[in-house]
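One-letter residues, chain by chain:
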Amino acid sequence: MLEKTYRPETVETRLYEAWEQSGAFAADPAGARRPYTIMMPPPNVTGSLHMGHALTFTLQDILIRFERMRGRDALWQPGTDHAGIATEIVVTNQLAEEGKTRGDLGRAAFIERVWAWKAESGGTITRQLRRLGASADWPRERFTMDTGLSAAVRRVFVTLYREGLIYRDKRLVNWDPVMHTVISDLEVDNRETRGKLWHIRYPIEGEPGRYLVVATTRPETMLGDTGVAVHPEDARYADLVGKTVRLPLVGRLIPVVADPYADPEKGSGAVKITPAHDFNDFEVGRRHGLEAINIFDRDAHLNDAVPERYRGLERFVARKKIVADLDAAGFLEKVEDQVSMVPHHDRSGEIIEPWLTDQWFCNAAALAKPAIEAVECGQTVFVPRQWENTFFEWLRNIQPWCISRQLWWGHQIPAWYDRDGNVFVAETGEEAALLAAERHGRPVDLTQDEDVLDTWFSSALWPFSTLGWPDATPELKRYYPGDVLVTGFDIIFFWVARMMMQGLHFMGDVPFRTVYIHALVRDERGQKMSKSKGNIIDPLDLIDRYGCDAVRFTLAGLASPGRDINLSEKRVEGGRNFATKLWNAARYAEINGCAPFGNATPPDFDPRQCRLTVNRWIGGATRDCATGVTAALETFRFDEAAHLLYHFVWGTFCDWYLEFTKPILAGDEAAARAETQATTAWVLARLLCLLHPLMPFLTEELWHELGGAGMLIGAAWPDLPPDLHDPEAAAEMDWIVAAISTIRAIRTEVNVPPAARLPLVVRDADAAAASRIERHREHLLRLARLSDIAAAGTAPAGGLAAVVDGATLILRVGDVIDLAKEKARLAKEIGRLDGDLRKFAGKLANPDFLAKAKPEIIDEQRQREADARRDRDRLQAAYDRIAAG
């Protein structure tokens, strides 16, 4: 017998261990079933579960469980990313607590220390994914630094180098002057910062007393200026194009160039160009052949390229001195307060410096072309489709990809140098030595490049390196390309596009047929979660309090395409309540002889053969629900699947079917009771199957307790025949549901006491409605709390009427409700809501409010307006009903 209360904390660990030990998650490369593959986006080995993880891995697990139950050979390939910078910071901080630096250890010992940390703490995120119910094929777990994947990385690097697609170049990069490494754009956190805007006079050469004024938020970089740009169509400066200005404090003559980058509407319309320290300026400099003068060293201190009095100064100390010197020399025209976005490293917190340096680059533009074509021709489809535009925008404007990082933890670049700086790129040091000996005619000493590869380089190979490439493994042949990639929009460029590039280049096919892009999880007010705001929701805390299934079902229900998820604890509580509702329904079924399934439902049971209309109706409704859920999951409409299941379980099955059949299960007619027990068990068994991908723990526990065969995770997905839907039974029972719902709505609208039983008068009933009322009189009396049902030719006094397809139903409320007072109350409440609606309309039509308010505040106002309008419409309907009576 089921316990009175479902306690997830006693179930989840036990069931997960049983699934994992039974091999229920395992793919079958040697089997005959059609494969279905999802590559798990590898979380950082340093990571712990957050709400973004909870969403993406819940959705992936729903798909994997769904397709596994549909008979597919489902591979969910798990693994973790070595997370170069994040991991190096973690271990470096540990050393700092011991009073040591990584330099004290040296490279080899530091890397050993990182591996030791990984062995001890690196499994945190995968243990947490198990708590989420993730049914990945864990024995196949890979790590981006393991032996096989490292071999794949070296093979790709060497191949691309020999094809001319990887090369050394001097370009601008995002430089962290504290960690002394390049970082990717994804690791740049642009923070709103209060600062100054300095307007500086640049004297025009040969025209004494005439200046070209430029404005900058970074006056220290002016020492590296090699030009000033104006717009080609800006008439104010047409005569200056081709002339020169003298750089203040330095004295260098620099040209005035015409370039559309300069905005005539912004500031003076003239822009200082510092090619070595600004990404836009770098491109302007290349277009006009301007020199790129690097004025910073790796610590962001001024170097020897600047006047002697500034050399060695830290950048912000230099800023103060330069501003003071400009002012003293009369070059400073004015200073304004300015709020600007300043780039910081999201890991170290340091302000990023655009820095010109020699790095390894990949020709991303060449690799991007096949990826663009693959999406254009539909080889890979984005869901929702609008994300294809983002994909195209990024790839059609792609820049060379800086793939080198100045770290110790990561894939060390397979390039070796001789004493003259000649480079030898090879997969191993031995191969590089042979290449060098061939060139020099004798063995020579080589030194390996100290840099490591960008973490995204190895992640880009994930769809095929995890399957054994470059070896031609059975898994690679069977599971590549994958079926779907589930990820967030923020890494379409950094990861999705790069997997497309490398997959097409090395495998000759796209790595996945579909890319499902899910939204962000925000707090209940629509704000992005952050430590500084104190609004972070911990999924593990929610699981502890409400159970894993409640969290999963809530996230699935909120996963609407194109809309961010505003998550509140109250929503998760609603998911927990739904789990409780299902548990209670199953317990009720068990108490009433509807379980074990094998006993209650004969092997040859067919709902189409049921004698009772209510049982044929619920059989068809189950089929309709299964069809809808299947279609929803096939099209990644997780929200629709959750909503269909919620309304079917809570409404159709629990609130209606179980209530309709209570008298049958408690009655003396054995045949009717047996048929209803069999039907209830049949429906409940299929409901558990349909719910399993979303709520695996609860459903597996009920399946076991109610006598399901084997494990539910391995059960077949319900594939129910179309003729299970009985149109006549559906029409009849749906009419009764509508009639009872209408009567209940009238009672609620005018505040009829719940215990009061009222008479119902039926007018103008057609034959179908009259016969339904007669057959289901007891249902109407009991569930609508009626004292009597009678036909009448005229409307009685004190009655409130509603039409339900073929009949007018009049509920006589006058004996228990003062309709005049109720009408007055409704009028007053409608007036109050009208006032609220006017306030909402005024605020939402106010340009100042719309310009200043945060988007989440505007959305909240719109939601409150919609709620008020809905309440008003409901009350107006009640008022009109009284007025008509």
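Residues numbered from 1 in each chain as written. Predicted model: local features only at pLDDT ≥ 70, side-chain atom pairs only at ≥ 80, totals over all residues. Heavy atoms only, no water.

Visitor: So, helix H8 (residues 279-288): which residues are in play, and what are the values?
Guide: When we look at burial in H8, the residues that qualify are Asp281, Phe282, Val284 and Gly285. Projected down its long axis, H8 shows its buried positions confined to an angular sector of 165 degrees, all on one face. In this fold, the buried residues of H8 make contact with strand S5 (166-176), strand S12 (270-273) and strand S14 (353-362). One side-chain oxygen of the residue at the start of H8 lies 2.9 Å from the amide nitrogen of Asn280, identifying that residue as Asp278. Of the residues trailing H8, Gly289 is marked for its positive phi of about 70 degrees. (Buried < 20%, exposed > 50% of the residue type's maximum accessible area, 1.4 Å probe, protein only. Helix = DSSP H or I, 4+ residues; strand = E, 2+ residues; numbered from the N terminus. Arc of directions from axis to C-beta. Contact = heavy atoms within 4.5 Å. Polar contact = N/O pair within 3.5 Å; in protein donor to acceptor, adjacent residues only side chain to side chain.)

Visitor: Account for the pattern of salt bridges, with residues named and values stated.
Guide: Across all of its chains, the model carries 70 salt bridges by this definition. In this structure, the salt-bridge partner of Asp764 is Arg763, at a minimum N-O distance of 3.9 Å. A residue is classified by how much of its surface remains accessible, and Arg763, at 24% relative accessible area, is partly exposed. Members of the salt-bridge network, linked through shared partners, are Arg218, Glu220, Glu314, Arg315, Arg319, Glu350 and Glu353. (Salt bridge = Lys/Arg side-chain N within 4 Å of Asp/Glu carboxyl O.)

Visitor: Requested: an account of the pairing of strand S9 (residues 227-230), with residues and values cited.
Guide: Burial of the side chains of S9 extends over both faces: Gly227 and Ala229 are buried on one face and Val228 and Val230 on the other. In terms of strand pairing, S9 meets S12 through 4 bridges, oriented antiparallel. Paired with Ala229 across the strands is Val271, a residue of S12. By the bridge criterion, 3 bridges tie S9 to strand S11 (residues 253-258) in an arrangement that is parallel. Bridge pairing links Val230 to Ala258 in S11. (Pairing = 2+ DSSP bridges.)

Visitor: Can you break down helix H9 (residues 315-328) residue by residue, with the values?
Guide: Residue pairs three or four apart in sequence face the same way in an α-helix, which turns once every 3.6 residues. With 14 residues, H9 should cover 20 Å at 1.5 Å per step; its first-to-last C-alpha distance of 20 Å lies within 8% of that length. Looking at H9, one finds that the buried residues are Arg315, Ala318, Arg319, Ile322, Val323 and Leu326. Buried residues of H9, viewed axially, fall in a sector of 135 degrees; they line one side. Exposed residues pointing more than 90 degrees away from the buried face of H9 are listed as Lys320 and Ala328. Where H9 is buried, its residues meet strand S7 (188-203), strand S13 (332-345) and S14. A side-chain oxygen of the first residue of H9 lies 2.9 Å from the backbone nitrogen of Phe316; this N-cap is Glu314. One or two positions beyond H9, positive phi appears at Gly330, with a value near 80 degrees. (Expected span 1.5 Å × (residues − 1).)

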